[in-house]
Amino acid sequence: MALTIAAVLATGQLNDVRVTSGTSMLARDAESARVLTLVAKQGGRVVPALVVYERAGPLGRADHAAVRRHIRQFAGVQGVIPDKVRPIPSPDGHALQVPVLLSGQQGVLVNPIVERLRQIVTTDRPPGLSSYVTGAGGMAADYVESFRHIDVTLLALSLAVVLLVLLAVYRSPILWVIPMLAVVVAYLGSAAAVYALARAGLVTLRGATPEVFTVLVFGVATDYALLLVARYREQLRVTADQTAALRAALSGGIRTVVASALTVAGGVGCLLVADTNALRSIGAVAAIGILITMVVMVTFLPALMLLGGRRVFWPATPLPGQSARDGVWTRVADFVGRRARLSWVGSSLLLVLLCMGLATVDASGIPPSALFTMRTDSVAGHEALKRHYPANAPVVVLSKEEVSAAVASAVRGVEGVTSVRTGPPAPWRVLDVVLAAEPNTHEAQRLVHELRQAVRWAAGRDALVGGFATELLDVKNAALDDALLIVPLILLVVGLILIVLLRSVVAPLLLIGTVVLSFAATLGLCSAVFTQLLGYPAMDASFALYAFVFLVAFGIDYNIFLMARVREEATRLETREATLHALRVTGGVITAAGIVLAAAFFVLTVLPLVPVIQLGLLVAVGVVIDTVIVRSLLVPALAHHIGQFIWWPRRGAL
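Residues numbered from 1 in each chain as written. Predicted model: local features only at pLDDT ≥ 70, side-chain atom pairs only at ≥ 80, totals over all residues. Heavy atoms only, no water.

Turning our attention to helix α15 (residues 442-459). In a regular helix each residue adds 1.5 Å, so 18 residues correspond to 26 Å; α15 covers 26 Å between its end C-alpha atoms and thus fits that length. Within α15, the full set of buried residues consists of Ala444, Gln445, Leu447, Val448, Leu451, Arg452, Ala454, Val455 and Ala459. Positive phi shows up at glycine 460, right after α15, with a value of about 60 degrees. (Helix = DSSP H or I, 4+ residues; strand = E, 2+ residues; numbered from the N terminus. Expected span 1.5 Å × (residues − 1). Buried < 20%, exposed > 50% of the residue type's maximum accessible area, 1.4 Å probe, protein only.)

A separate point is the packing of aromatic side chains. If you walk through the whole model with that rule in mind, you get eight aromatic pairs. Arranged with centres 6.5 Å apart and planes meeting at 55 degrees, the rings of tyrosine 224 and phenylalanine 561 form a pair that is tilted. Residue tyrosine 224 is located in helix α8 (residues 209-236), and its partner phenylalanine 561 is located in helix α18 (residues 543-569); the two are separated by 337 residues in the primary sequence. Each member of the aromatic cluster is reached from another via a ring pair, and the members are Tyr187, Phe213 and Phe218. (Phe/Tyr/Trp six-rings, centres within 6.5 Å; stacked < 30°, edge-to-face > 60°.)

Across the sheet, which stays open at both edges, the four strands sit in the order β8-β9-β7-β10 with antiparallel pairing between neighbours. Lying at the two open borders of the sheet, with one neighbouring strand each, are β8 (417-422) and β10 (463-466). The mean inter-strand angle of the sheet, taken between neighbouring strand axes irrespective of direction, is 20 degrees. Running at roughly 150 degrees to strand β7 (residues 393-400), helix α14 (residues 404-412) makes contact with β7, β8, β9 (428-435) and β10 of the sheet. (Pairing = 2+ DSSP bridges. Axes fitted to C-alpha atoms, helices over the stretch in contact; angles between N-to-C directions. Contact = heavy atoms within 4.5 Å.)

What follows covers the pattern of salt bridges. The full count for this structure, using the stated rule, is 22 salt bridges. Residues arginine 69 and aspartate 124 are paired through a salt bridge, measuring 2.9 Å at the closest nitrogen-oxygen approach. Residue arginine 69 is found in helix α3 (residues 61-74), and its partner aspartate 124 is found in the loop between α4 (110-121) and β5 (130-134); the two are separated by 55 residues along the sequence. Note that glutamate 234 and arginine 565 form a salt bridge whose closest N and O atoms lie 2.5 Å from each other. Residue glutamate 234 is located in helix α8, and its partner arginine 565 is located in helix α18; the two are separated by 331 residues in the primary sequence. (Salt bridge = Lys/Arg side-chain N within 4 Å of Asp/Glu carboxyl O.)

This next bit is on the nonpolar core. By size, the foremost hydrophobic cluster in this structure holds 152 residues, and its most contacted members are Met297, Phe550, Phe554, Met563 and Phe601. Among the elements that line this core, the one with the most residues is α18, at 19 residues. Residue contacts for methionine 297: discarding those within four places in its chain leaves Ala182, Ala186, Ala221, Tyr224, Ala225, Leu228 and Pro302. In terms of nonpolar packing, the next biggest core, distinct from the first, is built from 25 residues, Val47, Val51, Leu59 and Val110 among them. (Core = buried A, V, L, I, M, F, W, Y, C linked by side-chain atoms within 4.5 Å.)

This next bit is on the pairing of strand β4 (residues 95-103). Along β4, seven of the nine residues are buried, which leaves the element largely enclosed by surrounding structure. One ladder, built from nine bridges, connects strand β2 (residues 46-54) with β4; its direction is antiparallel. Counted as the bridge partner of valine 46 is serine 103 from β4. If you look at the hairpin formed by strand β3 (residues 88-89) and β4, you'll find five residues sitting between the two strands, and glycine 93 has a positive phi there, around 75 degrees.

Packing of α3 against α4 leaves a shortest axis separation of 10 Å and a crossing angle of 150 degrees. Taken as axis vectors, α3 and α4 run roughly antiparallel relative to one another. Crossing handedness for the pair α3 and α4: right-handed. Here His70, Gln73 and Phe74 of α3 come into contact with α4, specifically with Leu117, Ile120 and Val121. Residue classes in the contact of α3 with α4 are distributed as four nonpolar, two polar and no charged. (Parallel < 35°, antiparallel > 145°, perpendicular 65-115°, else oblique. Left-handed = near helix turned anticlockwise from the far one by under 90°. Nonpolar A, V, L, I, M, F, W, Y, C, P; charged D, E, K, R; others polar.)

So this is what it looks like as structure tokens:
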């Protein structure tokens, strides 16, 4: 506790060490990432922004004069790269766009520059003239702004969720304090460790990593607290000796918590092999948070439980010889025991039915105009561009000076290229190219592919294609490549851990199969909801992979809660009876744990970013499906139906 307080006092907020610019969201060795690096080395990284002016009718002299004044003021803004620009009129004469180049060098924040540009364009303008700052720079600024001040809200909501669940589960005015204190210490300790590692450059926090970390640690810590407190209360009904009760509770409880934490950390840790920087960021930080949470919950929480003793359970104080009130789960276990085949066949068919929604999955990526749930200035500007200009996707082509003429000619010959602006002579000459498509759409991806082919034909490796539209495509391709590597890897890692824990081959295969089916059903259901009810046009390219990692890890986590207890009870009972007994005593705990984790991830929906909302909703729905259907019916029914063979190649659980 003292170490945690000292660490927290010596650190700051995770948002202070978040990286949101440059190559932070790209993949290692992606072509667009190489373009960014070369531009930065050659003359400083550049982030293009677009200032858009529009009027309901034709623009007048006063409008043009105001735009010229603003352009002169732009040149004096620190962080704006001096460049001779002229306003580009729209074909209908109702709009003007002004390209502005912003410094994207290390240590230079884009959002203060964009904020200053927005202040300029909203003052000293004629009545009726609207103005927006959009493009890659405007989008990046709004993306960063969406995280400002959200961490405090997210933390408060996470605390409220944990408190409400603990009060509902324990129905005690005192008991909730012990797990709540342990959960807070686990979060503060793990956050301090992540902050220190980030400041030292050992880990990097990218995108929404701090927010995912917060809800993950609160959810997992509460799960472990619920499990250990339930085991302690169970033993207090067996013996009057509180120390002996705690020792007996921890003998099985700590093994389960450690096995669970190692499995979840191992699962999310598989993201470390990803090429996508954002995936590696979440994998590293999540694994660190889970392992530190495990240490706190198996050391600090038991000490608090021993200090509190039996009296903290008041008014439902557990006494020796007292039977547990588990009527609901006794009835569920009895039903599974009587109708095992009906239970697993019926629940399997329900999950398969939900899988039909997979036909609606579209992981092509979310267009910039649909990235935010609120109407940001950059989105409004993007919509203004679509109203008055042909669709355009900005691309940057780099070519070595000696082949720049051939590359420029090849680029101009590509169908869909609407403009090419050649930069000054340099070792790597810059060509600013505009494609006739909206970024992050199928058409933009097709045009980028054709452009790259033409450039390769003209100059081979002496030319590269990058820029905003290309970065979105490279992120998508990297996510697909990562999925092909990480999905089998996480299944292998989790399977090996389960084999060691359960000392069986059949049981791990069974558990992994149910988790994969649960994930497919969840993805199908949520995809249908996203596209048919909520109106989201598509999913982020890496969305399904994030969801798979989290749902498989958490699904296996709850499998361990159940099957570790089955194996423990099978030392004295026949496997079928051990399964039903484990369901009776863990059903309430697992359900409560699932509610906590689902509610924690649902909190992510307060963020105004569609990809984060989709992730929060899918994990929340997936955890509920997993705890209500898979862990309550499917797994225990299958285990009961299979019987002793579930421990193959051993003859039993011993």
